[in-house]
2 protein chains.
Amino acid sequence: MAEKGSKSGTGGKKPGQPDLRRLLRVTPGKRLDLGSVAADAVPAGPAKKAEGLAATAAMAEELAGLQERLYAASTAGDRRRVLLVLQGMDTSGKGGTVKHVIGLFNPSGCRIRAFKAPTREELNHPFLWRIMRALPQPGEIGIFDRSHYEDVLIARVHELVPHRQLGRRYGQINRFEQSLVEDGVSVVKVFLHISPGQQRRRLLERLDNPDKHWKFNPGDLDERALWPAYRTAYEIALERCSTDAAPWYVVPADRKWYRDWAVSRLLLEHLRALDPQYPKGDFDVAECRRRLLA
Amino acid sequence: MAEKGSKSGTGGKKPGQPDLRRLLRVTPGKRLDLGSVAADAVPAGPAKKAEGLAATAAMAEELAGLQERLYAASTAGDRRRVLLVLQGMDTSGKGGTVKHVIGLFNPSGCRIRAFKAPTREELNHPFLWRIMRALPQPGEIGIFDRSHYEDVLIARVHELVPHRQLGRRYGQINRFEQSLVEDGVSVVKVFLHISPGQQRRRLLERLDNPDKHWKFNPGDLDERALWPAYRTAYEIALERCSTDAAPWYVVPADRKWYRDWAVSRLLLEHLRALDPQYPKGDFDVAECRRRLLA
């Protein structure tokens, strides 16, 4: 999706390894056609499920190690942190990604928030209010399962706000995310791209299994009928809000194992680029050892 | 620690399996002497490290399954949830327990909060104010790394509040926890019991490894010097606040693998006792299937 020669950010790249930050990035300012991106593709990754699962598991130790360093650095004043934003149609695997990818990290350093329909209190505030209250603290990995982008997605499809107000939101989002980046937040925005056929299969699976009925809402079928409108809304949002500071990534998500690999890999690349370091202690080690052994 | 014949709660017990809820419980109203409890004991559990690690890993699937049911039930109005309270001296392994035990669960259903020294805003409120804001929602597993008990532990040792005010807090805590239980919260309070010698070894390890210096604070040595006062404060808190509604458990924690096994097992027993069920769908499955296939 990225133009040749586009910047892939600094650091975090190792020779001979894929650079998903470049490959999956939505090029800022360029027209995006989601119809031209195969949802069952496996770009730059393992080709088969077994390999994919193994490759994801193999990242676990490095991911957790980088997370610990990020957290450790924050105790010495480093304000850097990561915010993973997950968006996608129903059944695209936002929840599964949290379970399988975020499950690789130490849960105490993860701040996860699933955004539902706004409450009355939230509606009484600007749309970014509830987002700001859920941001990761320095050293943490924040995860948004849905996000402020709903306010230009469902809000556009269902015309929840006047068109003019909607149009202003893209710029508001870009300025907001720019300010996050300036404050040390690595914003990793992932669109989980599934095909309508794959969604049908997943919804049928839920219907076929009574233990999954709680995940099913007949209203999901109404939303499904609006697929083309959602696709357009996503294309506009990703086009207008993929910026150099906070790019969008399109992750083909028909294959769950590829989705998990790709999101893990994106996080790994971002964390490697941050290259957090354990802070030095500012105390007298010998004196402390003496006191302990006294 | 429990008296013979004490109630172990209803359900959750399988024949031939240990009943940690009975074995590790601090008997309400009975004098507690922590000095008589071996911190390196392995009561009712695997005797060796390799077995212990395997036994903990073997619980993962059932734990995650029960968690999913608990969450699913909440979508149909079930208000039940779990709150794990972790207390213990520095290096007793509160953080390690979150990493290794809570890491067995789906992170999206866990609400983890580490309580530090209260902020100015928190000090301007009653001591339970910040606690109430961090409670798990229905269907969630909440984890407190330190808790409202600090307000009768460090507060007692350092005389942070007048003695009379301190004395009132035990009853306030019991009434608060009783109200949680009545609202569907299973309160699982775990004291991670380590020996002073084990703490010395762990602090020395931190000193010996520069990558662990960020975890070390020379102030910890001052607290260590107050060990007898903390032990007394813990004994009083556990005695007065181990209730039938919300008992305290003393988990020997000198062996990390036993600690993780025991806390996992306690959570398993509590979740089994809750026996959460997937809710039935209240929609027309055949009609939904027809619409999907149309």
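Residues numbered from 1 in each chain as written. Chains lettered and ligands numbered in written order. Predicted model: local features only at pLDDT ≥ 70, side-chain atom pairs only at ≥ 80, totals over all residues. Heavy atoms only, no water.

Caption draft 1: Inspection of the environment of Gly 65 of chain A at higher detail. Of note, Gly 65 of chain A is situated in helix 2 (residues 49-74). Expressed as a C-alpha distance, the spacing of Gly 65 of chain A and Val 37 of chain A, which sit 28 residues apart in the sequence, is 33 Å. (Helix = DSSP H or I, 4+ residues; strand = E, 2+ residues; numbered from the N terminus.)

Caption draft 2: Expanded view of the confidence of the model for chain A. In the predicted model, chain A carries a mean pLDDT of 95, and the fraction of residues at 70 or more is 95%. Here the predicted complex scores 0.94 on pTM and 0.92 on ipTM. (pLDDT = per-residue confidence, 0-100.)

Caption draft 3: Seen up close, the sheet that holds strand 1 (residues 81-88) of chain A. Residues and elements named next belong to chain A. Overall, parallel pairing links the five strands, which are arranged 2-3-1-4-5 in an open sheet. Here the strands that pair on one side only, and so sit at the sheet edges, are strand 2 (110-114) and strand 5 (248-252). Averaged over all pairs of adjacent strands, the angle between their axes in this sheet comes to 20°, without regard to strand direction. Those strands touched by helix 10 (residues 227-241) are strand 1, strand 4 (185-193) and strand 5, and its axis lies near 135° from that of strand 5. (Pairing = 2+ DSSP bridges. Axes fitted to C-alpha atoms, helices over the stretch in contact; angles between N-to-C directions. Contact = heavy atoms within 4.5 Å.)

Caption draft 4: Representation of a positive patch on the surface within the structure. Together, Lys 49, Lys 99, Lys 212, Lys 215 and Lys 256 of chain A make up a region of like positive charge exposed at the surface. Within the secondary structure, Lys 49 of chain A sits in helix 2. (Patch = residues over 30% accessible without salt bridge, like charges linked within 9 Å, V, L, I, M, F, W, Y side chains within 5 Å. Areas by Shrake-Rupley, 256 points an atom, 1.4 Å probe, with all protein chains shown as cover. Salt bridge = Lys/Arg side-chain N within 4 Å of Asp/Glu carboxyl O. Lys, Arg positive; Asp, Glu negative; His and termini not counted. Charge placed at Lys NZ, Arg CZ, Asp CG, Glu CD.)

Caption draft 5: The arrangement of helix 10 (residues 227-241) of chain B in detail. For helix 10 of chain B, built from 15 residues, the straight-helix expectation of 21 Å at 1.5 Å per residue is met to within 8% by its first-to-last C-alpha distance of 21 Å. Listed as buried for helix 10 of chain B are Trp 227, Tyr 230, Ala 233, Tyr 234, Glu 235, Ile 236, Ala 237, Leu 238 and Cys 241 of chain B. (Expected span 1.5 Å × (residues − 1). Buried < 20%, exposed > 50% of the residue type's maximum accessible area, 1.4 Å probe, protein only.)

Caption draft 6: Quick look at the relation of the copies chain B and chain A. Of the two same-sequence chains, chain B is brought onto chain A (RMSD 0.0 Å, axial shift 0.0 Å) by a rotation of 180°. Here the symmetry operator amounts to a two-fold rotation axis. (Least-squares fit on C-alpha atoms with pLDDT ≥ 70 in both.)

Caption draft 7: A look at empty space enclosed by the protein. Going through the model one piece at a time under the given rule, you end up with one cavity of 30 Å³ or more. By volume, the largest cavity is sized at about 50 Å³. In terms of lining, the largest cavity is formed by Ile 102, Gly 103, Phe 105 and Pro 107 of chain A together with Ile 102, Gly 103, Phe 105 and Pro 107 of chain B. Class assignment for the residues of the lining of the largest cavity results in six nonpolar, two polar and no charged. (1 Å grid on protein atoms, 1.4 Å probe; cavity = no way out; pocket = protein on both sides within 12 Å on 5 of 7 lines; lining within 4 Å. Points joined across faces, edges and corners; volume = space filled by probe spheres on them. Nonpolar A, V, L, I, M, F, W, Y, C, P; charged D, E, K, R; others polar.)

Caption draft 8: Molecular detail of the sheet that holds strand 2 (residues 110-114) of chain B. Residue and element names in this part refer to chain B. Sheet architecture is open: five strands sit in the order 2-3-1-4-5, paired in parallel fashion. Looking along the sheet, the strands with just one partner apiece sit at the ends: strand 2 and strand 5 (248-252). Each strand of the sheet is rotated relative to its neighbour by a mean of 20°, with strand direction disregarded. Bridge count between strand 1 (residues 81-88) and strand 4 (residues 185-193): eight bridges; the pairing is parallel. Across the sheet, the residue bridging to Arg 81 is Val 185, located in strand 4. Relative to the sheet, helix 7 (residues 163-182) contacts strand 1 and strand 4, its axis offset from that of strand 4 by approximately 130°.

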